[in-house]
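Chain and residue survey
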Amino acid sequence: VISHCSWIAMFTRASIIAALVATASAFTAPTLPTMGARKSAVSSMQMQDKSYAMPFLSRPPALDGSMAGDVGFDPLGFTNYFDLKWLREAELKHG
């Protein structure tokens, strides 16, 4: 027979472990479809010129998916006026 104190200790340890596992999953990156899967899905819907982030807007020509996190989100058209590498550096600097 397990004593009351050891049962509480086991329950507390199990609760702490469950909480740690749950919080660790919050720090994993979400999985996005690969560029190949994304392109095939887009081409199957006949939307090659549309942005993946905002399907009702056209995809800017500078945002071709070559950089990490590039899903064609540029609603104000900054890439039409500024170099994409300069914009990326400014975003990293001023984050």
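Residues numbered from 1 in each chain as written. Predicted model: local features only at pLDDT ≥ 70, side-chain atom pairs only at ≥ 80, totals over all residues. Heavy atoms only, no water.

As for the confidence of the model for the chain
To keep things clear, this is the line we draw: A residue's pLDDT is the predictor's confidence in that residue, given on a scale from 0 to 100. In DSSP terms, a helix is any run of H or I states spanning at least four residues, a strand is any run of E spanning at least two, and both are numbered starting from the N terminus.
Mean pLDDT over the chain: 77, with 71% of residues reaching 70 or higher. Mean pLDDT values for the elements of the chain range from 52 in helix H2 (residues 35–44) up to 89 in helix H3 (residues 84–94).

Details of the packing of aromatic side chains
Selection criterion: We call Phe, Tyr and Trp rings a pair once their centres come within 6.5 Å, taking the six-membered ring for Trp, and we label the pair stacked below 30 degrees between planes, edge-to-face above 60, and tilted otherwise. Throughout, exposure labels follow a simple rule: accessible area from a 1.4 Å probe, protein chains only, divided by the maximum for the residue type, with under 20% read as buried, over 50% as exposed, and the rest as partly exposed.
Tallied over the full model, the rule gives 2 aromatic pairs. On the basis of an interplanar angle of 25° and a centroid distance of 5.5 Å, the ring pair of Phe82 and Trp86 is categorised as stacked. Residue classification places Trp86 among the partly exposed residues on the basis of a relative accessible area of 48%. Ring-pair connections join several aromatic residues into one group, and the members of that group are Phe78, Phe82 and Trp86.

Some words on the environment of Ser66
What counts here: Here a polar contact is recorded for every N or O atom pair within 3.5 Å, except that within protein the pair must consist of a potential hydrogen donor and a potential acceptor, and residues adjacent in sequence are included only if both atoms are side-chain atoms.
You can see Ser66 is positioned in the loop between H2 and H3. Among the polar contacts made by the side chain of Ser66, one reaches the side chain of Asp64 at a distance of 2.8 Å.

Structural notes on a nonpolar patch on the surface
Threshold: A residue counts toward a patch only above 30% relative accessible area and without a salt bridge, and it is joined to like-charged neighbours within 9 Å or, for Val, Leu, Ile, Met, Phe, Trp and Tyr, to nonpolar neighbours within 5 Å. To measure how exposed things are, a 1.4 Å probe is used in the Shrake-Rupley method; for residues, cover is taken only from the protein chains shown. A pairing counts as a salt bridge when a side-chain nitrogen of Lys or Arg comes within 4 Å of a carboxyl oxygen of Asp or Glu.
Taken together, the side chains of Leu76, Phe78, Tyr81, Phe82 and Trp86 present a nonpolar region at the surface, about 650 Å² in accessible area. Along the chain, Phe82 falls in the loop between H2 and H3.

A closer look at the side chain of Ser51
What counts here: In what follows, residue pairs with any heavy atoms lying within 4.5 Å of each other are defined as contacts.
One can find Ser51 in the loop between H2 and H3. Overall, the relative accessible area of 3% leaves Ser51 in the buried class. A distance of 3.3 Å separates a polar side-chain atom of Ser51 from the backbone nitrogen of Met54. Apart from the residues lying within four places of it in its own chain, the contact partners of Ser51 are Leu57, Ser58, Arg59, Val71, Gly72 and Phe73.

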